[in-house]
Amino acid sequence: RLPVPNDAGTGGRGARAKQYNFKKITHVPTAKDFIDVVLSKTQRQTPTVVHRGYAITRIRQFYMRKVKFTQTSWNEKISRILDDFPRVDDIHPFYSDLLNVLYDKDHYKLALGQLNTARNIIDKIAKDYVKLLKYGDSLYRCKQLKRAALGRMCTIMKKHAASLAYLEQVRQHMSRLPSIDPNTRTILVCGYPNVGKSSFMNKVTRADVEVQPYAFTTKSIYVGHTDYKYLRWQVLDTPGILDRPLEERNTIEMQSITAMAHLRAVVLYIVDASEQCGYTIKQQSELFHSIKPLFANKPLVVAVNKTDVRTLAELKPAEMALINGMRDAARGPASLRMDGDDEDELPCMSTLNEEGVALVKQVCCDKLLAARVEQKLASRRAGEVLNRLHVANPKPRDALSRPAVIPHSVALNRLKKQDGSLKIVTEKEMQDLNGGAGVYSADLRKDYQLEDESWRYDVMPEIFNGKNVADFIDPEIDARLAELEREEDELEEKWLLEKAEEDMEIEPDMDDDEKALLKQVRSRRTELVETHRRKKGAGNNAPTLPRTVSASHADPVKRATTQRMKESLGAMGIDPSAAIARARDKSVAREGRLRKRSRSEALDEDMADGAADDDKPRKHSSKSRSVSVARRSDRADKSPGAGLKNDDERMRAQKMADLAQRKRNKYAKIGEADRTIITKMPKHLFSGKRGIGKTDRR
């Protein structure tokens, strides 16, 4: 429901703040769609399952809930429609009469009244059938009562199908109405059809109204906005009016009459001097005097258009007298005229070449501003405001003259400038003389006022962490740094000499074996120190790697090779030949390099392997079927270090692994670490009706 504006007829502050927006009126569905929406909502948002085995109280509550929910839905939707549509008696008189002209006030009220009656009847039906459902003795009887209640509600809405269709047409038309503020500064343009009203509006506003050389091109009120004296003005282009009784005017003309009767605006009556509109000046004068009662208490401006075709000097005396009569009538009685009305000339314009259009706009705006100010001063509110205002007029304290004081140096420089002896070179001129922008760099320190002029170009101290760096700089830091470096060099040279002397003292007393042993001890010591430093630097956070990885990748020095094994076992006094031979036999790379001497020998061995395989039992494995048929070698590792001693143990371990994997196979999981979610939204959790307390998964 639109808010009721305060002082709607007088244009108070509350009314100026209100805006009528008919575009927010809710959609009015047809009777069939209305019924489908409400019943569908009831079906979706109420329980749907009930059994004859339930307690009778539970069955009654089930169907009573259906009836109450349907009644609530009808009530909410009908109330929304009734609240959104404006009430004719509560809105501004301009909109009230406009609704009467466009949609017939009686028909409009009747349609809203029928919906209100339907809402009350539906509420009464729901109340009655809920009372009957309280005494239902079986599921069948309760179901039939519910069906009868919903059926009667739908029948009532079907009877009001015509009212719903009418209200939807009204809503669509109202949403296309221009947004007119009845209480803002407004220029109302009126006159006969085809006299240039739309052309004037297109010139002074940003509106784009259709202009054609025939009557009644404009069939409704158009709104445009313009600016004058930093204020926003509303310009209304009204349809043309014919000079005939009020009862004979059509809907198009009545829109103009309504606007002129109820809007507080300056009325601009346009007269076509060329008579190209099809109406003589006499007819235009008669129309002006017939609608003059509508201009009461409003500023009025009479403007002559199309002066490019026929000027005022070319008019006949009788025609000029008619125009002067309209101008005198627009001024009003002499006792009510404002200052300057007698001296005003008749505003003339030509919307074709825009001559005089701005002047007509200025005259209209000035008249409206003066009228609004005069009206406010005449009201009681102006007196209340003036009583709270006080204009202070300062009084002189004595008769002494105190002229402005100009310093002697400033006056002297002014005289030098006048005679040309003082010429100030600006930075712009210096820039042009020294290569222009991008080449010349302005000296920003040349005008610094310091105690000592030599300080002007000193390096500025820098601030770091809130402290001045200059406070921590030693003037002799370079000399001290050089002295420190010299002392370090002397100490390093002294240490090298002492080390060389120690080596010279030790070496002459040792033979070759002792020197070699000393070399090994020193290398081992260096290795331990490096290892300790590396571990300490890693913070004992190094990963624990398998022996094969650590030997082959992490530490190549510790790589397990037959050469290192031979050296290690030989140092212990053990013969390494057997161990080296066994390691070479087990080497996969060595087996891959072996080649049979002939094809027949290889074929014989394959046949022998096939015969041997027939006697062996098939190993249990979930991956056995994927093994290639052409491969005859045994995949199981029978090396002593494999962890299991024979094939029986391996088969048993494989069975246990398959048994543990069987549960994961049901969920399509590879292993314990498989966290893949195949279906993000399972059908059984995200479809169908939601029960009470089951809304957490949507």
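Scoring rules and cut-offs
Residues numbered from 1 in each chain as written. Predicted model: local features only at pLDDT ≥ 70, side-chain atom pairs only at ≥ 80, totals over all residues. Heavy atoms only, no water. Axes fitted to C-alpha atoms, helices over the stretch in contact; angles between N-to-C directions. Helix = DSSP H or I, 4+ residues; strand = E, 2+ residues; numbered from the N terminus. Parallel < 35°, antiparallel > 145°, perpendicular 65-115°, else oblique. Left-handed = near helix turned anticlockwise from the far one by under 90°. Contact = heavy atoms within 4.5 Å. Nonpolar A, V, L, I, M, F, W, Y, C, P; charged D, E, K, R; others polar. pLDDT = per-residue confidence, 0-100. Buried < 20%, exposed > 50% of the residue type's maximum accessible area, 1.4 Å probe, protein only. Core = buried A, V, L, I, M, F, W, Y, C linked by side-chain atoms within 4.5 Å. Phe/Tyr/Trp six-rings, centres within 6.5 Å; stacked < 30°, edge-to-face > 60°. Lys NZ or Arg CZ within 6 Å of the ring centre and 35° of its normal. Patch = residues over 30% accessible without salt bridge, like charges linked within 9 Å, V, L, I, M, F, W, Y side chains within 5 Å. Areas by Shrake-Rupley, 256 points an atom, 1.4 Å probe, with all protein chains shown as cover. Salt bridge = Lys/Arg side-chain N within 4 Å of Asp/Glu carboxyl O. Pairing = 2+ DSSP bridges. Expected span 1.5 Å × (residues − 1).

## Points about the packing of helix α2 (residues 31-45) against helix α6 (residues 139-159)
Viewed as axis vectors pointing N to C, α2 and α6 meet at an angle of 155°, and their least axial separation amounts to 9 Å. By the angle between their directions, the pair α2 and α6 is classed as roughly antiparallel. The two elements α2 and α6 cross, and the hand of that crossing is right-handed. Of α6, the residues touching α2 (which contributes A31, F34, I35 and L39) are L150, C154, M157 and K158. Split into classes, the residues belonging to the contact of α2 with α6 amount to seven nonpolar, no polar and one charged.

## Let's talk about the confidence of the model for the protein chain
Chain-level pLDDT for the protein chain is 79 on average; 82% of the residues reach the 70-or-more range. Ignoring residues within four places in sequence, the model shows residues 1-18, a span with pLDDT below 50, making 35 contacts including any to other chains. Across residues 622-634, where pLDDT falls below 50, the model places seven contacts with residues more than four positions away in sequence or in other chains.

## Quick look at the side chain of S73
Secondary-structure assignment places S73 in helix α3 (residues 56-84). Judged by its relative accessible area of 1%, S73 is buried. Dropping the residues within four chain positions of it, S73 is found in contact with V38 and K41.

## Regarding the nonpolar core
With 107 residues, the main nonpolar core has W74, F85, M157, I187, F200, L268 and Y269 as its most contacted residues. Counting residues per element, this core draws most heavily on helix α5 (residues 105-133), at 11 residues. Once you skip the residues sitting within four places of it in the chain, F85 turns out to touch I25, V28, Y108, L112, L167, V170 and R171.

## Structural notes on the packing of aromatic side chains
Scanning the entire structure with this criterion turns up nine aromatic pairs. Centroid distance F288 to F295: 6.0 Å. Interplanar angle 40°. Geometry classified as tilted. In terms of burial, F288 and F295 fall into one category: buried. Positioned above the aromatic ring of Y54, the side-chain terminus of R58 is 3.7 Å from the ring centre.

## Description of a nonpolar patch on the surface
Where nonpolar side chains cluster on the molecular surface, the patch consists of V373, L377, V385, L386 and L389 and spans about 470 Å² of accessible area. Of all elements in the fold, only α12 (357-378) and α13 (380-387) reach the threshold of two or more residues within the nonpolar patch.

## A closer look at the pairing of strand β1 (residues 186-190)
The buried fraction of β1 amounts to five of the five residues, a majority that puts the element mostly inside the structure. The two faces of β1 match: T186, L188 and C190 on one face and I187 and V189 on the other face are all buried. Across four bridges, β1 lies against strand β3 (residues 231-237) in parallel orientation. Looking at the pairing, L188 lines up with L236 of β3. Judged from the four bridges that link them, β1 and strand β4 (residues 266-272) form a sheet pairing that is parallel. Across the sheet, V189 pairs through a bridge with L268, a residue of β4.

## Examining helix α9 (residues 251-262)
Taking 1.5 Å as the rise per residue, α9 with 12 residues should run 16 Å; its terminal C-alpha atoms sit 17 Å apart, in good agreement. Among the 12 residues of α9, nine are classified as buried, and the element is accordingly described as predominantly covered. Residues I252, E253, M254, Q255, S256, I257, T258, A259 and M260 constitute the buried set of α9. Elements that come into contact with the buried residues of α9 comprise α4 (93-103) and β1.

## Description of the pairing of β4
Counting buried positions over the seven residues of β4 gives seven, a clear majority of the element. The alternating pattern of β4 places V266, L268, I270 and D272 on one face and V267, Y269 and V271 on the opposite face, and all of these are buried. Both β4 and strand β5 (residues 300-305) contribute to a ladder of six bridges, which runs parallel. Its bridge partner being in β5, I270 is matched across the sheet by A303.

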